[in-house]
Amino acid sequence: MSDTTPGVQAQHQAQLNAGQFLIQRCTGCSQHVYFPRESCPHCGAHDLQWVAPSGYGTVYSTTTIARKPEAGGNYNVSLIDLDEGVRLMSRVEVQPVDAVQMGQRVQARVVQQGGQGVVVFDPVVGAPAATAAQPVPRGPAASAAIHTSSGLQALRGSAAIAGVATFGCGEATGFTEMEVLAHAARAAVADAGLKMSDIDGLCTASVLSTMWPMPVTEYLGINPRYINSTMIGGSSFVAHILPAMMALQAGQCNAVLVCYGSTQRSSTFGRAEIAKARRVMDPQPYETPFEPMQPLSAYALAARRHMHQFGTTRRQLAEVAVAARQWAQLNPEAFLRDPLTIDDVLKARMVSDPLTVRDSCLVTDGGGAFVLVRADRATTLPKKPVYVLGNATANWNRQISSMHDLTVTAASQSGREAFAMAGLAPKDMGVVELYDAFTINTLLFLEDLGFCAKGEGGAFVENGAIAPGGRLAVNTNGGGLSCTHPGMYGIFTVIEAVRQLRGEAGARQVAGVQTALAHGNGGTLSSQSTAILGTAEAL
């Protein structure tokens, strides 16, 4: 007879519905665990017991979400570190709602919301000192080991990007996502000097369709021997590169098309509808009840933590947006090209503090594609080859509440492994193309990829340091903040890097570029993928 005991998620919800807040404790390693799981994420043991926490915790980060009065007014979303060493998303019941303080001591209680129990926190005076708290375990972020085998190093320069293209970046009214993708795909194949019948490898992903490669194959009329539909958010198309290189070297295929298309701006099924669908398709039951404005609120929490921990300022974040706009003004493809000042960003409408609408990426349509071939074949094709020197991907979490340190992303792993495969370092990069969904992304990635020390990203970007004419050329197309952001931006970092390395970037061209970094981010600082690209001179 099968076991009829409900799963731990259902058990936890039943406990909350009964007014009881419990977490788990592993009998194998004695670590406390939250959110509830079937096995311990620290030691792998299966014997986890339900225990009552002290209920005391400390505010690790917080954001106030701006909402119209008729919709209920503003509210806060906070990350709370319990004294037992676990973190959870919740809200602090305080008036005004933005009075929550970083490091504030709070105590849990269960309330009924929408027919279900949820945990909220109240400010408390006289709680046990926070110094008695157990630290939140580091998890996978603890390892500083660099995984780069001789086999990976042997792949360095074995494949090249032979063709790139974009289509419909901005508004593509009247086009479907498939049509936008197909236009970009056909243009990239033509740019490579190939025919669609030459394509025998396909990498693609979609926010909405779990079986996306099948209709793409059907629509393009191709018969791929190699198919990769790995979907890890906006970093997917950067992460597709290394597996495609392996397939090329194995002889499984000869030409791989990496492609994406979205009409989130012009489609009737837009961003708001996608967010609702994700609650079913990508459930996050330990965060959704507190209504974070995802993905924005997750990045706002990271920004608030960075500001608290390192003294980063909103003005420094604004520098990122202004630099992106200055690059966009040199790019005829960019969606926004009007002037933008620091004061414009600081005075813009607050959405999820400390991030304003100008700290946030665009909502556009757009398609992008690139073609990978073996290096020897690339030299016979019309365009200047851009060689893949290194590529690595890392993923530590899905939920922002599961991230050990909101100021350290998995880019610190993907970056060092991609650089190791390439045999290069940050100082060797001519241009840097980062996934700037929000201004805090650029600071975090500059730090985690090694362009400056941890906590120094804000100072690094001051005084136009990453703008045209600055010390480091970052997001030379205008990035997701000013050029285009059709839901997933990662593929456009690769396309812009290739255009710079070919010398095809027009007024925004950085002189003498031989190496470039393209970096993708997915989810809510969840997945990270880094690619190091170079011209023949960099081999």
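Residues numbered from 1 in each chain as written. Predicted model: local features only at pLDDT ≥ 70, side-chain atom pairs only at ≥ 80, totals over all residues. Heavy atoms only, no water.

Trainee: Before we move on, could you go through the overall build of the protein and cite the residues and values that matter?
Mentor: The helix and strand inventory of the protein stands at 16 helices and 20 strands. In summary, the protein has a C-alpha radius of gyration of 24 Å against a globular reference of 24 Å for 539 residues, a match within 12%. The C-alpha extent of the protein, read off along each of the three principal axes, is 70 × 65 × 45 Å. Taking as baseline every contact in the protein between residues at least 6 positions apart, the subset at least 24 positions apart corresponds to 73%. Within the structure as shown, the protein displays about 20,500 Å² of accessible surface, and the carbon and sulfur contribution to it stands at 51%. Of the charged side chains in the protein, 39 are positive and 42 negative, and the gap between their average positions amounts to 2 Å. (Helix = DSSP H or I, 4+ residues; strand = E, 2+ residues; numbered from the N terminus. Rg over C-alpha atoms; globule rule 2.2 N^0.38 Å. Contact = heavy atoms within 4.5 Å. Areas by Shrake-Rupley, 256 points an atom, 1.4 Å probe, with all protein chains shown as cover. Lys, Arg positive; Asp, Glu negative; His and termini not counted. Charge placed at Lys NZ, Arg CZ, Asp CG, Glu CD.)

Trainee: Account for the sheet that holds strand β10 (residues 201-204), naming residues and giving values.
Mentor: Strand order across the open sheet formed by ten strands is β11-β10-β12-β15-β9-β16-β20-β19-β17-β18, with mixed pairing between neighbours. Because the sheet does not close on itself, it has two edges, and the strands there are β11 (226-228) and β18 (473-474). In the sheet, strand β12 (residues 255-262) pairs with strand β15 (residues 365-374) via eight bridges, with the strands oriented antiparallel. Counterpart to Leu257 in the pairing with β15 is Val371. (Pairing = 2+ DSSP bridges.)

Trainee: An account of the sheet that holds strand β3 (residues 48-51) is needed here, citing residue identities and associated values.
Mentor: If you trace the three strands from one edge of the open sheet to the other, you get β2-β1-β3, paired in antiparallel fashion. Each edge of the open sheet carries a strand with a single partner, namely β2 (32-33) and β3. Sheet topology places strand β1 (residues 23-26) next to β3; four bridges connect them, and they run antiparallel. Its bridge partner being in β3, Cys26 is matched across the sheet by Leu48.

Trainee: So what about helix α16 (residues 490-502)? Which residues, and what values?
Mentor: End to end, α16 covers 19 Å across 13 residues, agreeing with the expected 18 Å (1.5 Å per residue, within 8%). Within α16, 13 of the 13 residues are buried, leaving the element largely enclosed by the surrounding structure. Where α16 ends, the next residue or the one after it, Gly503, has phi of about 80 degrees, a positive value. (Expected span 1.5 Å × (residues − 1). Buried < 20%, exposed > 50% of the residue type's maximum accessible area, 1.4 Å probe, protein only.)

Trainee: Residue-level account of the pattern of salt bridges, with values.
Mentor: Summed over all chains, the structure comprises 18 salt bridges. The residue Asp191 makes a salt bridge to Arg502 at a minimum N-O spacing of 2.8 Å. Of the two residues, Asp191 sits in helix α3 (residues 177-191) while Arg502 sits in helix α16, which places them 311 residues apart along the sequence. (Salt bridge = Lys/Arg side-chain N within 4 Å of Asp/Glu carboxyl O.)

Trainee: Could you give me a rundown of the pairing of β1, with the residues and numbers involved?
Mentor: The pairing of β1 with β2 spans two bridges and is antiparallel. The residue of β2 that forms the bridge with Arg25 is His32. Between the end of β1 and the start of β2, which pair antiparallel, lie five residues, with Ser30 showing a positive phi angle near 70 degrees.

Trainee: An account of helix α1 (residues 8-17) is needed here, citing residue identities and associated values.
Mentor: Among the residues of α1, those classed as buried are Val8, His12, Gln15 and Leu16. Projected down its long axis, α1 shows its buried positions confined to an angular sector of 100 degrees, all on one face. Buried positions along α1 lie against β1, β3, β7 (105-113) and β8 (116-123). (Arc of directions from axis to C-beta.)

Trainee: An account of the pairing of strand β6 (residues 87-90) is requested, with residue identities and associated values reported.
Mentor: By the alternation rule, side chains of β6 split into Arg87 and Met89 and Leu88 and Ser90, which are all buried. Pairing of strand β5 (residues 75-82) with β6, which is carried by four bridges, proceeds in the antiparallel orientation. The partner of Asp81 across the bridge, within β6, is Arg87. What sits between the antiparallel neighbours β5 and β6 is a turn of four residues, in which Gly85 has the positive phi angle 95 degrees.

Trainee: Would you mind going over empty space enclosed by the protein in detail, with residue names and values included?
Mentor: Applying the stated rule across the entire model yields one cavity of 30 Å³ or more. In this structure, the largest cavity is lined by Thr166, Asn331, Glu333, Asn477, Cys483, Thr484, Phe492, Ile495, Glu496, Arg499 and Arg508. Broken down by element, the lining of the largest cavity gets its largest block of residues, four residues, from α16. Within the lining of the largest cavity, the residues separate by chemical class into three nonpolar, four polar and four charged. (1 Å grid on protein atoms, 1.4 Å probe; cavity = no way out; pocket = protein on both sides within 12 Å on 5 of 7 lines; lining within 4 Å. Points joined across faces, edges and corners; volume = space filled by probe spheres on them. Nonpolar A, V, L, I, M, F, W, Y, C, P; charged D, E, K, R; others polar.)

Trainee: I'd like a description of the packing of aromatic side chains, backed by residues and values.
Mentor: What the rule picks out here adds up to eight aromatic pairs. Ring centres 4.7 Å apart and planes at 35 degrees place the aromatic pair Tyr299 and Phe438 in the tilted group. A residue pair is termed long-range when its members are at least 10 positions apart, and Tyr299 in helix α8 (residues 296-310) and Phe438 in the loop between β17 (431-434) and α13 (439-448) qualify at 139 residues. Between Tyr435 and Tyr489, the ring centres sit 5.5 Å apart and the planes meet at 85 degrees, which makes this aromatic pair edge-to-face. Of this pair, Tyr435 sits in the loop between β17 and α13 while Tyr489 is found in the loop between α15 (479-483) and α16, placing the two residues 54 residues apart along the sequence. For the pair formed by Tyr435 and Tyr489, the shared burial category is buried. Among the aromatic residues, ring-to-ring pairing joins Phe21, Tyr34, Phe35 and Tyr286 into one connected group. (Phe/Tyr/Trp six-rings, centres within 6.5 Å; stacked < 30°, edge-to-face > 60°.)

Trainee: So what's going on with the side chain of Asn521? Which residues, and what values?
Mentor: Inspection of the secondary structure assignment puts Asn521 in strand β19 (residues 515-522). Residue class for Asn521 comes out buried when judged on its relative accessible area of 2%. Polar contacts involving the side chain of Asn521 include one to the side chain of Gln528, which spans 2.7 Å. Other than its neighbours up to four places away in sequence, Asn521 contacts Gly234, Ser235, Tyr299, Tyr435, Asn441, Phe445, Ser526, Ser527 and Gln528. (Polar contact = N/O pair within 3.5 Å; in protein donor to acceptor, adjacent residues only side chain to side chain.)

Trainee: Report on the packing of helix α9 (residues 314-328) against α13, specifying residues and quantitative values.
Mentor: Where α9 contacts α13, the axes come no closer than 8 Å and their chain directions differ by 100 degrees. In this view, α9 runs roughly perpendicular relative to α13, as classed from their interaxial angle. Contacts between α9 and α13 involve Leu317, Val320 and Ala321 from the former and Thr439, Ile440, Thr442 and Leu443 from the latter. Tallied by class, residues from the contact of α9 with α13 come to five nonpolar, two polar and no charged. (Axes fitted to C-alpha atoms, helices over the stretch in contact; angles between N-to-C directions. Parallel < 35°, antiparallel > 145°, perpendicular 65-115°, else oblique.)

Just distances and angles here, no functional claims.
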